[in-house]
Amino acid sequence: RVERYWNVDYRPKTRLSDADALEAFEEKLTEAVQLRMISDVPLGALLSGGVDSSVVVALMSKLSAQPVRTFSIGFAEESYNELPYAERAAHICRSNHNPKIVAGDAHALVPLLARHYGEPFADSSAIPSFLVSRMAREQVTVVLNGDGGDELLGGYPRYAISDFERFTSTLVRGVVRPDDLASLAPMFTGSQLHQKIFRRLLLRYCSPELNFAFMYSSFWDDLDRAQLLGQNHSPQLLPTWRRKWLKGAADHADSAIDRMLWTDNRTYLPDDLMVKMDIASMHTSLEARSPLLDHEIIEFCAGLEAHHKVRGGVGKYLLKKLALKYFPSDFVCRSKMGFAVPLADWLSGPLRQTVRATLLDKTLMAPLSATRIQTELTQFERGETRHASRIWALFMFGQWRLADAGS
């Protein structure tokens, strides 16, 4: 039978001082890393240069008698290139580091992505994930990574709410539940001034966990989806989906921070990030292990009070305190980059003709609205690059249809 064998609740709390929380966290993470270093085949680590993977590599280096083999991918475009940070972390940890700049032919991976994921998977960071996995497999069979840190301790920008904002959201929750506010989300997804003002008030001072609803509107908000799907649009699908998760979060967590974490750990993490890494690594027979997703660490962090996770508008507070034991403050406290790719450059450059041919094929893109697709493509080609993620999502849908037809 199919049944849930494990769950985690964010309501029971363990009151710890900063020093005790840090000591317990380091002990648990060190144990999780040590367990995942047990291997009878060559072992390494994926090192992005971010705090999460850097801490994992630091602990691996402390536990290993030999230099850890680390692997990193970067881009020629400086604003997307985190290689200098990865190389700096590797130097501090004295790892045997293997960096690589993504070449201009990365777009050739697109058909492979569509075929391996078996669904219209629109996370563009799957490309560097595929490439770094392929590079690592040339030397090792098992790698550790830093996946899960943001979902443990609130590392995304949407978590950066102040103590005052957390207080006001608690007051609002005493009057109205976040899942009841979910029905307001479509009203505030537009770009007009009054919509922006109401959206900021709603997300900052009333219900920060509604960021979950707006996160996905960077691809398509409710009105856009309705136009794209036409007669196939189901008006209640997204509102019902939002209410389900927001109600679950409200039932299992008492603070806005924990409610966002509860939701991310049941949607974004398992449905996007873990799928992305699992497929990207296993296509080369590389086994990826995630110490930060150890169930004891998840339970420990769920039981921490919110100020150990987000403090003064800074997320991953406890993880960064641990990182400061191994790395300098300018390395740890810089702005988050994420595993982003120069998507607009790719779509308007080497992929341009393939994108046009795919999106303008009405049969291939059915049942999506050809009129709406043409509008999006025209706006993008005229320089509206902020919606590059929409073009990529449409493109991956079309590539998935092609891969499905050829299988």
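Owing to the predicted nature of the structure, the values given are computational and were not obtained by experimental measurement.

(A) A look at the layout of surface pockets. Estimated volume of the second largest pocket: approximately 720 Å³. In terms of lining residues, the second largest pocket is bounded by 26 residues, among which Trp-6, Leu-269, Met-274, Leu-293 and Ile-298 are the most central. Contributing elements (two or more residues each) for the lining of the second largest pocket: α14 (268-282), β5 (287-289) and α15 (295-302). With seven residues, α14 is the single largest residue contributor to the lining of the second largest pocket.

(B) Expanded view of the side chain of Ser-290. Residue position: Ser-290 is located in the loop between β5 and α15. Engagement of the side chain of Ser-290 in a polar contact is seen with the side chain of Asn-145, the distance being 2.9 Å. Contacts of Ser-290, omitting those with residues within four sequence positions, involve Arg-36, Asn-145 and Asp-147.

(C) Layout of helix α19 (residues 352-359). Every buried residue of α19 is listed here: Val-355, Thr-358 and Leu-359. Down the axis of α19, the buried set is contained in an arc of 85°. They therefore lie on one face. Opposite its buried face, α19 presents the exposed residues Gln-353 and Ala-357, each directed more than 90 degrees away.

(D) Molecular detail of unusual backbone geometry. Put simply, Ala-366 and Pro-367 share a cis peptide bond, and its omega is 10°. Position of Pro-367 among the secondary structure elements: in the loop between α20 (362-365) and α21 (370-381). Residues other than glycine seldom take positive phi values, yet Arg-94 does so here, at roughly 55°. If you trace the backbone, Arg-94 turns up in the loop between α3 (83-93) and β3 (96-101). The backbone of Lys-316 sits at a positive phi, close to 50°, despite the residue not being glycine. Tracing the sequence through the fold places Lys-316 in the loop between α15 and α16 (317-323). With relative accessibility at 6%, the residue Lys-316 sits in the buried group.

(E) Representation of the packing of aromatic side chains within the structure. Overall, the coordinates contain 10 aromatic pairs when judged by the stated rule. Here the aromatic cluster, defined as three or more aromatic residues joined through ring pairs, consists of Tyr-85, Phe-327 and Phe-331. The aromatic ring of Tyr-317 is capped on one face by Arg-311, whose charged end is 4.0 Å from the ring centroid.

(F) Quick look at the pairing of strand β1 (residues 43-46). Here β1 shows a buried face lined by Leu-43 and Ala-45 and a second buried face lined by Gly-44 and Leu-46. Note: β1 against strand β4 (residues 142-144), three bridges, orientation parallel. When the sheet's bridge partners are listed, Leu-43 is paired in β4 with Val-142. Here β1 pairs with strand β2 (residues 69-74) via three bridges, running parallel. Among the inter-strand pairings, Gly-44 is bridged to a residue of β2, identified as Arg-69.

(G) Structural context of the sheet that holds β3. Here we have five strands laid out as an open sheet, ordered β3-β2-β1-β4-β5, and parallel in their pairing. Across the chains shown, the open sheet's two edge strands, defined by having one partner strand only, are β3 and β5. Averaged over all adjacent pairs, the angle separating strand axes in this sheet is 30°, with direction ignored. Contacts from α3 reach β2 and β3, with the element oriented near 175° to β3.

(H) Highlighting the state of the cysteines. Applying the stated criterion across every chain, the model contains zero disulfides. Summary of cysteine pairing: Cys-93 is not part of a disulfide, and the nearest cysteine sulfur, belonging to Cys-333, is at 16 Å. Here Cys-93 falls in the buried class, since its relative accessible area comes to 12%. Given the relative accessible area of 53%, Cys-333 is considered exposed.

(I) Structural view of the environment of Tyr-326. Along the chain, the position of Tyr-326 falls in the loop between α16 and α17 (329-332). Between the C-alpha atoms of Tyr-326 and Lys-309, which are 17 residues apart in sequence, the distance is 19 Å. Polar contacts involving the side chain of Tyr-326 include one to the side chain of Lys-62, which spans 3.0 Å.

(J) Layout of the nonpolar core. Core analysis: the largest hydrophobic core is formed by 60 residues, its most contacted members being Phe-25, Leu-29 and Met-60. Those residues in contact with Leu-29 that lie beyond four places of it in its chain are Val-55, Leu-59, Pro-291, Leu-292, Ile-297 and Leu-322. If you look at the next biggest cluster of nonpolar residues, it comprises 47 residues, including Val-143, Leu-228, Leu-359 and Leu-368.

What counts and what doesn't
- Residues numbered from 1 in each chain as written.
- Predicted model: local features only at pLDDT ≥ 70, side-chain atom pairs only at ≥ 80, totals over all residues.
- Heavy atoms only, no water.
- 1 Å grid on protein atoms, 1.4 Å probe; cavity = no way out; pocket = protein on both sides within 12 Å on 5 of 7 lines; lining within 4 Å.
- Points joined across faces, edges and corners; volume = space filled by probe spheres on them.
- Helix = DSSP H or I, 4+ residues; strand = E, 2+ residues; numbered from the N terminus.
- Polar contact = N/O pair within 3.5 Å; in protein donor to acceptor, adjacent residues only side chain to side chain.
- Contact = heavy atoms within 4.5 Å.
- Buried < 20%, exposed > 50% of the residue type's maximum accessible area, 1.4 Å probe, protein only.
- Arc of directions from axis to C-beta.
- Phe/Tyr/Trp six-rings, centres within 6.5 Å; stacked < 30°, edge-to-face > 60°.
- Lys NZ or Arg CZ within 6 Å of the ring centre and 35° of its normal.
- Pairing = 2+ DSSP bridges.
- Axes fitted to C-alpha atoms, helices over the stretch in contact; angles between N-to-C directions.
- Disulfide = S-S within 2.5 Å.
- Core = buried A, V, L, I, M, F, W, Y, C linked by side-chain atoms within 4.5 Å.

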